[in-house]
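# Understanding the architecture of this molecule
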Amino acid sequence: MDKIIIAIDGFSSTGKSTVAKQLAKHLGYVYVDTGAMYRSVTLYALEKGLISNDDFNREALIYQLPSINIHFKFNEILGFAEVYLNDVNVEKDIRTLKVSSFVSKVSAVSEVRQKLVEQQQKMGEQKGLVMDGRDIGTVVFPNAELKLFMKASAQTRAERRYKELIERGDDVSYEAVLKNVEERDYLDTHRRDSPLVKADDAIEIDNSYLSLEEQFNKVLKLARMAIEDCE
Ligand code: DC
């Protein structure tokens, strides 16, 4: 059976990674979370003191890009690949509100995007890939056989992200999470390089009122149809 590339784009906290992981597991495909890559570069910038509330040393970050190594390693217990920054597992550290607050600044830097897009395209050479992000169907894999664009209201998304952060023990307020979701929507859709837009041939999925099961069944049907079309 031919393998395809499935590109999943959309706003933050629309459940892209949940559906991407489910699909990859079901189809025996590799799953890649590109947001984790931009978050890892942001964590690096924060750890090296290159970024703070009122200062961002873009030039220093660009200069240090060759020393930033990001790779994924499959975790058999969790059933998905975790992200490593310079050989350290940063899967948990990249999901803080602090990293979320700065990631849009870092992901707007063209040199950062160029480095990560190149790495992402290499991962798709063998196909059999489900990748989620903001520019997968438009920039990384404009010829992907299936493109999905996920949507949900800002409130629904903030509630989901708030629940996740509270469950892992972070001390955050719902208002701060909603503000971050709205700010990132604005920055992700207004940046000059690869802004978040729906590809013309992407299928839109608004999951505000879909259960996880309904969403998965819908997406799996689309994936099966796209695979059949390739044969
Ligand atoms: O999917 P996420 O919320 O973990 O992504 C974090 C940020 O990374 C998001 O606000 C925008 C950026 N991003 C991007 O610019 N391009 C991608 N392909 C993936 C994420």
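Refer to the structure printed above.
Report follows, based on the coordinates. (Residues numbered from 1 in each chain as written. Predicted model: local features only at pLDDT ≥ 70, side-chain atom pairs only at ≥ 80, totals over all residues. Heavy atoms only, no water.)

## Brief notes about the site of the ligand
Counted only if it meets this: Think of it this way: one heavy atom of a residue within 4 Å of a molecule or strand is enough to make that residue near it. The definition of a polar contact used here is a pair of N or O atoms within 3.5 Å, where within protein one atom must be able to donate a hydrogen and the other to accept one, and adjacent residues in sequence count solely through side-chain atom pairs. We get accessible surface area from the Shrake-Rupley algorithm with a probe of 1.4 Å; when it comes to residues, only the shown protein chains can shield them. Under the DSSP-based scheme used, a helix requires at least four consecutive residues in state H or I and a strand at least two consecutive residues in state E, with every element numbered from the N terminus. When residue character is reported, Ala, Val, Leu, Ile, Met, Phe, Trp, Tyr, Cys and Pro are called nonpolar, Asp, Glu, Lys and Arg charged, and the others, Gly included, polar.
What surrounds the ligand is a group of 15 residues, the closest being R39, R113, R134, D135 and R191. In the model, an oxygen atom of the ligand is placed 2.8 Å from a nitrogen or oxygen of the R113 side chain. Note that a nitrogen atom of the ligand is positioned 2.8 Å from one of the side-chain N or O atoms of D135. In the complex, the protein chains occlude 97% of the 450 Å² of accessible area that the ligand would expose alone. Of all elements in the fold, only α2 (34–47), α4 (97–106) and α8 (174–190) reach the threshold of two or more residues within the shell around the ligand. Here the element with the most residues in the shell around the ligand is α2; it accounts for 4 residues. A breakdown of the residues in the shell around the ligand according to their chemical character gives 3 nonpolar, 5 polar and 7 charged.

## Focus: helix α9 (residues 212–230)
To be explicit about the condition: Working rule for helices: expected span equals 1.5 Å times residues minus one. Only protein chains enter the accessibility calculation, which uses a 1.4 Å probe; a residue is then buried when its area is under 20% of its type maximum, exposed when over 50%, and partly exposed in between. Summarising the geometry, the arc corresponds to the directions from the helix axis toward the C-beta atoms. Throughout, a residue-residue contact means that at least one pair of heavy atoms, one from each residue, lies within 4.5 Å.
Across its 19 residues, α9 extends 27 Å between first and last C-alpha, which sits within 8% of the 27 Å expected from 1.5 Å per residue. Among the residues of α9, Q215, F216, V219, L220, L222, A223, A226 and I227 are the ones counted as buried. All buried residues of α9 project into a common sector of 165° when viewed along the axis, lining one side. Turned more than 90 degrees from where α9 packs its buried face, E213, K221, E228 and D229 sit exposed. Each element contacted by the buried residues of α9 is listed here: β1 (5–10), α1 (16–27), β9 (146–151) and β10 (203–206).

## Observations regarding the side chain of D132
Condition: Charged residues are defined narrowly, with Lys and Arg counted positive, Asp and Glu counted negative, and His plus the chain ends left uncounted. Salt bridges are defined by distance alone: a side-chain nitrogen of Lys or Arg within 4 Å of a carboxyl oxygen of Asp or Glu.
Positionally, D132 belongs in strand β8 (residues 129–133). Within the buried set, D132 has no salt-bridge partner at all; the shortest N-O distance to an opposite charge, 5.7 Å, is to K16. Every residue in contact with D132, bar those within four places of it in the chain, is listed here: I8, K16, S17, A20, Y31, V32, D33, T34 and G35.

## Considerations on the pattern of salt bridges
Summed over the entire model, instances satisfying the criterion amount to 12 salt bridges. Between R161 and E164 there is a salt bridge; the shortest N-O distance is 3.5 Å. Taken together, the residues span about one helical turn, with R161 and E164 both in helix α7 (residues 154–167) at a distance of 3 residues. The class of R161 is buried, set by a relative accessible area of 17%.

## Focus on the environment of T96
Among the structural elements, T96 can be located in the loop between β7 (88–89) and α4. Taking the C-alpha atoms as reference, T96 lies 10.0 Å from R168; in sequence the two are 72 residues apart. Sequence-distant contacts of T96, that is, excluding residues within four places in its chain, are made with R39, R168 and D170. Only 3.2 Å separates the side chain of T96 from the backbone nitrogen of V99, close enough to count as a polar contact.

## Concerning the sheet that holds β8
Using the following cut-off: Strands pair, by our definition, only if DSSP identifies at least two bridges between them. Convention adopted: a line fitted to C-alpha atoms gives each axis, helices being fitted over their contacting stretch, and angles between N-to-C directions are expressed from 0 to 180 degrees.
The strand order β2-β8-β1-β9-β10 describes an open sheet built from 5 strands, whose pairing is parallel. The strands lining the two open edges of the sheet, one partner per strand, are β2 (30–33) and β10. Averaged over all adjacent pairs, the angle separating strand axes in this sheet is 20°, with direction ignored. One ladder, built from 4 bridges, connects β9 with β10; its direction is parallel. Looking at β10, one finds that M150 is bridged to I205. With respect to the sheet, α1 is in contact with β1, β2, β8 and β9, its orientation differing from that of β1 by roughly 170°.

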